[in-house]
Amino acid sequence: MQSDGHAVVLSGADVGGDGGHLVHNCEDCACEVSSTSVRRAPRQPAPGENDDVWVSGRNVVEIPVDDAYSTLFNPLGHGGAVVVDAAARRIFRGFADPVTVPAARAALDAATRAEFHSVVNRLHALEMIEPADSPVRPDFSGSDRGEMLTAWLHVTNDCNLRCPYCYLAKTREPMDEATGRAAIDAVVASAVRHGFPAVKMKYAGGEATLNADLVVTLHAYAKEVAGRNGLDLHATVLTNGVMVPPRLAAALAGEDIKVMISLDGVGASHDVQRPSTAGKPSFRMVERTIARLAQLGVAPHLSITITSRNADGVADAVRFALDRDLTFSLNFFRDNECASGFDDLRYEEQQMIAALRAAFAVIEDRLPPWSVLGTVLDRGQLLQPRQHSCGVGRDYVVVDQHGRVAKCHMEIERTLGDVFRDDPLELVRSDTRTVLNLAVEEKEGCRDCSWRYWCSGGCSVATFRATGRFDVKSPNCHIYQAIYPEVLRLEGLRLLKYARPS
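Bear in mind that the values here come from a model prediction, so they are computed numbers and not experimental data.

### Regarding helix 10 (residues 314-323)
Along an α-helix, residues three or four positions apart point the same way, because every turn accommodates 3.6 residues. Counting buried residues along helix 10, seven of its 10 residues qualify, which places the element largely inside the surrounding structure. For helix 10, the complete set of buried residues consists of Val314, Ala315, Ala317, Val318, Phe320, Ala321 and Leu322. Its buried side turned inward, helix 10 meets helix 9 (283-295), strand 12 (301-306), strand 13 (328-332) and helix 11 (349-365).

Structure below.
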């Protein structure tokens with residue numbers, strides 16, 4: 001954008017309809033905690049002409065976007081990158097040390113002083129500056145009042161691919177309709193009992209499309225039960241995209257069911273880690289499915305899992321998505337027992353950082369209108385501060401093909417009870433023997449990190465697999481810290497391209 005002569009301060013609120021442009025990286029994993037857990041403290045009155053002392057946020061980072069603009073981000077604020085031009089940056093930097101508003105304005109040249117009050121008020125509203133005696137901090141006191149209960153329904157344990165990084169020991173065991181209905185009844189009852197206004201069903205597997213008729217039947221039943229109980233219903237089908245049967249495709253298009261397709265590259269980069277049961281390539285089939293869904297008006301979200309096998313091809317997968325106006329997420333390989341025989345899946349830090357930077361170059365060249373803050377860093381998103389990296393143990397339940405309840409789909413075999421007799425959410429909330437999704441303040445190496453409310457210590461299962469502990473920082477910590485500034489620069493470029501100053 002070109003400056004019109006006024007100091008520029010841009011945020012996501014300046015992108016028309018930006019709420020719909022915030023994409024979360026959770027369709028193939030446990031979503032971030034859905035609760036109203038981050039509450040803004042009552043905002044201090046705007047900076048005025050008095051003796052109150054103000055200062056820039058203690059942990060605000062400043063990242064150059066180009067020669068004219070910078071991105072500001074407060075890791076202890078409530079989210080959102082803020083773009084400033086040189087004039088607004090000078091005003092912001094005037095609060096590097098505690099100062100009164102009149103003193104900060106007096107230190108500026110006459111041209112910048114003319115913009116001072118409007119810029120200061122905006123920086124205050126966006127939590128870039130704060131009262132010296134009242135620093136901004138996220139408030140998690142509402143963390144048990146959830147907005148949505150998410151259920152992973154494992155509609156089959158069978159699959160038509162044999163991905164080496166998969167955590168499942170495959171069997172030809174589908175969920176039957178009686179079990180599926182019982183699961184939906186239990187999840188809805190649990191949502192009502194615990195005060196959730198909405199439920200989200202993730203129809204997954206295995207490969208969910210191998211039990212497509214059940215998915216369609218269960219979704220119709222879920223609509224009926226959720227409606228009867230006054231709950232909003234959301235749904236996603238998780239699929240490898242090899243084949244989506246016509247009846248399911250029609251339901252996806254007509255019932256507002258979202259679709260997540262796993263795509264790990266283009267051509268050989270995908271095929272090397274997503275072969276069929278016979279060892280044949282699958283990319284062309286997935287590409288065909290994506291095209292067919294597009295004809296029906298269904299835009300799938302693409303989930304890209306990064307291992308050492310496909311790291312060099314991640315940028316091509318991102319280009320594939322952006323060329324088709326599809327959202328995507330980048331997910332780091334999680335070590336597991338089933339994948340333990342494939343030593344070439346484990347990535348090195350520098351290899352992962354290089355793969356991400358190559359992907360970021362593609363994003364910069366094809367900047368989408370939607371933000372990548374929530375999709376390109378595995379569990380380390382930059383959309384909203386949170387104490388927990390995902391909803392495991394809080395507002396997420398997993399139901400296997402037999403109706404047994406687990407805490408995390410990565411540990412689906414470690415069951416706690418079943419949907420025929422138990423409250424699923426109560427089971428996962430009371431459990432202490434399987435995966436522990438601790439608050440980030442409880443993790444060694446995280447408590448004093450300024451980024452702690454954005455990665456939240458990373459995936460608990462991956463951390464335990466690497467360290468044998470739940471109370472330590474993520475093995476991906478250095479990757480997150482290296483890449484965060486580059487993601488924020490991309491967001492700054494997006495704002496400059498699509499935002500209109502308010």
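We are not done yet, so read on.
### A word on the side chain of Thr289
Within the element layout of this structure, Thr289 appears in helix 9. Look at Thr289 and you get buried, because its relative accessible area is 5%. Residue contacts for Thr289: discarding those within four places in its chain leaves Gly241, Val242, Met243, Val244 and Ile261.

### With respect to the nonpolar core
Among the nonpolar cores identified, the biggest contains 120 residues, and Tyr203, Val318, Phe328, Leu330, Leu356 and Ile363 are the most heavily contacted of them. Sorting elements by how many residues they give to this core places helix 15 (residues 477-498) first, with 10 residues. Not counting chain neighbours up to four residues away, the residues in contact with Ile363 comprise Val318, Leu322, Phe328, Pro368, Val372, Val376 and Leu490. Grouped together as the second largest cluster of nonpolar side chains are 22 residues, Ala7, Leu108, Phe116 and Leu123 included.

### A short note on the environment of Leu233
Looking at the secondary structure, you find Leu233 in strand 10 (residues 232-239). Taking the C-alpha atoms as reference, Leu233 lies 9.8 Å from Val188; in sequence the two are 45 residues apart. Discounting chain neighbours no more than four positions away, the residues touching Leu233 are Val199, Met201, His219, Ala222, Lys223 and Ala226.

Each value, and the rule that gives it
Residues numbered from 1 in each chain as written. Predicted model: local features only at pLDDT ≥ 70, side-chain atom pairs only at ≥ 80, totals over all residues. Heavy atoms only, no water. Buried < 20%, exposed > 50% of the residue type's maximum accessible area, 1.4 Å probe, protein only. Helix = DSSP H or I, 4+ residues; strand = E, 2+ residues; numbered from the N terminus. Contact = heavy atoms within 4.5 Å. Core = buried A, V, L, I, M, F, W, Y, C linked by side-chain atoms within 4.5 Å.

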